[in-house]
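# Structural overview for review
Each chain, letter by letter, is given below.
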Amino acid sequence: MVDGSLQENGTILPSPLAAWGPFLTDGPALAVEHLTKAFGERLAFSDVSFEVAYGEVFGFLGPNGAGKTTTVRTLGTLLSPTSGTATVAGIPLSPEAGPRIRARISIMPESPGLYLRLTVAENLDCFARLYGISDAAQRIDAALRAVNLADRAGDPCGSLSKGLRQRVGLARAVLNDPAVLFLDEPTSGLDPVASREVHELINAQRERGVTIFLTTHRLEEAERLCDRVAILNTTLRLIGRPDALRQQLFRRVLDVRVRSPLDDPDRAFQGLPGVDGWTSGSPGTYALTVTDPEVAAPGVARALVEAGADILTIAESRRSLEDVYLELVDEDVEAARR
Amino acid sequence: MTFSWARVGAIFRKELRDYRRNRFVLVFTMAVLPLIFIVVPIAELLTIKATLSSARLDTRIGLALLYLLLIPAIVPSALAAYSVVGEREQGTLEPVLTTPIRSEEFLLGKATAALVPTLVIAYAMFGIFLLATSIFAQPGVSSAVFKGSHLLVQLLFTPLLAGWSIWVGVAISTRSSDVRAAQQLGLIASLPPLVIVALMATNAITPSLRLALALGAALLLFDALGWRAVAGMFNRERLIAGRR
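These numbers come from a predicted model, not from an experiment.

Taking 1.5 Å of rise per residue, the 16 residues of helix 1 (residues 5–20) of chain B would be expected to cover 22 Å, and the 22 Å separating its terminal C-alpha atoms lies within 8% of that figure. Among all positions of helix 1 of chain B, only R7, V8, A10, I11, F12, K14 and E15 of chain B are buried. The inward-facing, buried residues of helix 1 of chain B abut helix 4 (120–130) of chain A together with helix 6 (103–136) of chain B.

As structure tokens, then:
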């Protein structure tokens, strides 16, 4: 059913989309409109809308209980949405379309859920048969090579460490050459080297045009891997490129450090092009809110020289994705308290 | 996507591999349990005297054979009762359900994986029983055991009783949230059809070919409908997102 692009030597070559038909690239890989899932009275997620393009790595972030895993399960046809619509890998989401959608996607749950008495190869063999893969032996070998586990094919999964089990789960996830790959916390419990290998695998899949839907708590991982991220806290709070989110949420700041505190900072900074205001921190440090650091920095430097200050640093304050995330989640906590 | 025997086969194959490496299943369910149920009928057989009246002889042979029918009733019940709730507890159910497999395919794979070893064991035990009969039993007893109706009941009811136990066990497993509770319930639920067979075996109700066939047809119908009924009960949403 699925022609493989995983090669015997473990190389991953383009592109699984061809195997699924040219129609796939006509629309987005995922199109979600006003999707809501409730369990009785409890809302898991509400009114979620977004689109993900083919070949995009899309990060799905949010605190525990925000509805990330439920969203993945809903898009993966394991759960039915309460309302709203979605298209997954070119197929409108419906109970009848479940098997067809599941043939084109792959989901790696947070816990890999392996048959512990079976060997690594036997676990993959079972799933290759479930996906109807004709060249199962070659594909299993290639998938294991892709996660550096070819030499452990004969080991019972019960004898593997948590990290190795996670890698077997990943090998299983790429076995059917999915058009959309859902990864739920794929580096959870992995050491830095194993995490890097997972990142490399994600990048290799992206290069082949596979859409990756990544839920993670590791914000630096999302920042490094994802083209765009969405932050979910039952409702979708924010969506965009990590850089754009930073700009959307935080004013840009120039951090200035001089050897001795300025005698009259107001006079030094007032009226400078691109500078909207300033605050003082520890003695000799100033945070200037600016519209564009590149425009403001030269003027600030000149003003400081004119004021007789010894400049130590002038640098743009970098807000991380973590700052964005915490800002939003804190807002939600505050709102809940009120 | 249409029904796929390949996916049924994938589950069947995986289950057999798992049984082979599961000491409890291999030693207790598939070896000790059947041995217990064959020791009693063979011992019973050796104590039967050919001088008994024909009716009395039939009753005692019927009782001995009834023990053998406990094998297809009880052996698969534990396997079937574990089939869904066990996977759920181990966290292996969700990955399987993320593949294109249909509920019907998953359940049929599970059921056949419980049925095939059960039939092999039950018929093997019956074979051993017949062998012991032909070697050790008194000639009159031996010819009574080899009577066509006894053989027919045994051969016919072995798969039908196993089918009942399996579908009842799988049904309990899909609705249960605890493996042990599911297995205990499955064991109890596997026994009711044996009551009717017991009544026939002990001549409490007059055994006849027509009665045996009617009962067989009822069980066959149940086994055929059981698959669809259990597939209807198989609620992915509850199994994935429900409380464990």
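A few words now on the confidence of the model for chain A. Residue and element names in this part refer to chain A. When pLDDT is averaged across chain A, the result is 86; 91% of the residues are at 70 or more. Per-element mean pLDDT across chain A ranges from 54 in helix 1 (residues 16–20) up to 97 in helix 4. A low-confidence stretch, residues 1–14 (pLDDT under 50), is modelled with 41 contacts involving residues beyond four sequence positions or located in other chains.

Among the nonpolar cores identified, the biggest contains 145 residues, and A171, V180 and F213 of chain A together with L68, L69 and I71 of chain B are the most heavily contacted of them. In terms of residues, this core owes the most to one element, helix 3 (residues 54–83) of chain B, which gives 17 residues. Leave out the neighbours within four places in its chain, and I71 of chain B touches P34, F37, I121, A122 and M125 of chain B. Core analysis: the next-biggest nonpolar cluster, separate from the first, contains 15 residues, L254, V275, V300 and A303 of chain A among them.

In this assembly, 25 residues from chain B lie in contact with 25 residues from chain A. Elements with a minimum of two residues in the side of chain B that touches chain A: helix 1, helix 5 (93–97) and helix 12 (236–241) of chain B. At seven residues, helix 1 of chain B tops the list of elements feeding residues into the side of chain B that touches chain A.

Right, let's talk about the sheet that holds strand 10 (residues 235–240) of chain A for a bit. Residue and element names in this part refer to chain A. The mixed open sheet is built from six strands, whose spatial order is 6-7-8-3-9-10. With partners counted over all chains shown, the strands left at the sheet margins are strand 6 (105–108) and strand 10, one partner each. Across this sheet, the average inter-strand angle for adjacent strands is 15°, counted without regard to direction. In this sheet, strand 10 lies alongside strand 9 (residues 228–233) in antiparallel orientation, the contact comprising five bridges. Paired with N233 across the strands is T235, a residue of strand 10. In the packing of helix 6 (residues 162–174) onto the sheet, the strands contacted are strand 6 and strand 7 (180–184), and the crossing angle to strand 6 comes to about 170°. Running at roughly 20° to strand 9, helix 12 (residues 321–337) makes contact with strand 3 (57–61), strand 9 and strand 10 of the sheet.

What follows covers the sheet that holds strand 5 (residues 91–92) of chain A. All names here are of chain A. Here four strands make up an open sheet; going across it, the order is 2-1-4-5 and the pairing antiparallel. With partners counted over all chains shown, the strands left at the sheet margins are strand 2 (42–52) and strand 5, one partner each. Relative to strand 2, strand 1 (residues 30–39) is paired through seven bridges, and the arrangement is antiparallel. Among the inter-strand pairings, V32 is bridged to a residue of strand 2, identified as F50.

Let's shift gears to the packing of helix 3 of chain B against helix 6 of chain B. Between two packed helices, what matters for the description is the angle formed by their axes and the separation of those axes. Residues and elements named next belong to chain B. It is at 9 Å that the axes of helix 3 and helix 6 come closest, and there the two elements cross at 160°. Classified by the angle their axes make, helix 3 and helix 6 are roughly antiparallel. Both helix 3 and helix 6 take part in a crossing whose hand is right-handed. On helix 6, the residues that touch L68, I71, P72, V75, P76, L79, A80 and S83 of helix 3 are K110, A114, L115, T118, I121, A122, M125, F126 and F129. Class assignment for the residues of the contact of helix 3 with helix 6 results in 14 nonpolar, two polar and one charged.

Let us now look at the confidence of the model for chain B. On average, residues of chain B score 87 in pLDDT, and 96% of them reach the 70 mark or higher. Overall fold confidence for the complex sits at a pTM of 0.82, while the interface term, ipTM, reaches 0.87.

On to helix 4 of chain A, then. Burial runs high along helix 4 of chain A: eleven of the eleven residues are buried. Within helix 4 of chain A the residues assigned to the buried category are V120, A121, E122, N123, L124, D125, C126, F127, A128, R129 and L130 of chain A. Looking at the buried positions of helix 4 of chain A, the neighbouring elements they touch are helix 5 (136–146) and helix 6 of chain A together with helix 1 of chain B. G132 of chain A sits one or two residues past helix 4 of chain A and shows a positive phi near 70°.

Conventions adopted
- Residues numbered from 1 in each chain as written.
- Chains lettered and ligands numbered in written order.
- Predicted model: local features only at pLDDT ≥ 70, side-chain atom pairs only at ≥ 80, totals over all residues.
- Helix = DSSP H or I, 4+ residues; strand = E, 2+ residues; numbered from the N terminus.
- Expected span 1.5 Å × (residues − 1).
- Buried ≥ 20, exposed ≤ 12 C-beta atoms within 10 Å, placed from the backbone.
- Contact = placed C-beta atoms within 7 Å.
- pLDDT = per-residue confidence, 0-100.
- Core = buried A, V, L, I, M, F, W, Y, C linked by C-beta atoms within 7 Å.
- Pairing = 2+ DSSP bridges.
- Axes fitted to C-alpha atoms, helices over the stretch in contact; angles between N-to-C directions.
- Parallel < 35°, antiparallel > 145°, perpendicular 65-115°, else oblique.
- Left-handed = near helix turned anticlockwise from the far one by under 90°.
- Nonpolar A, V, L, I, M, F, W, Y, C, P; charged D, E, K, R; others polar.

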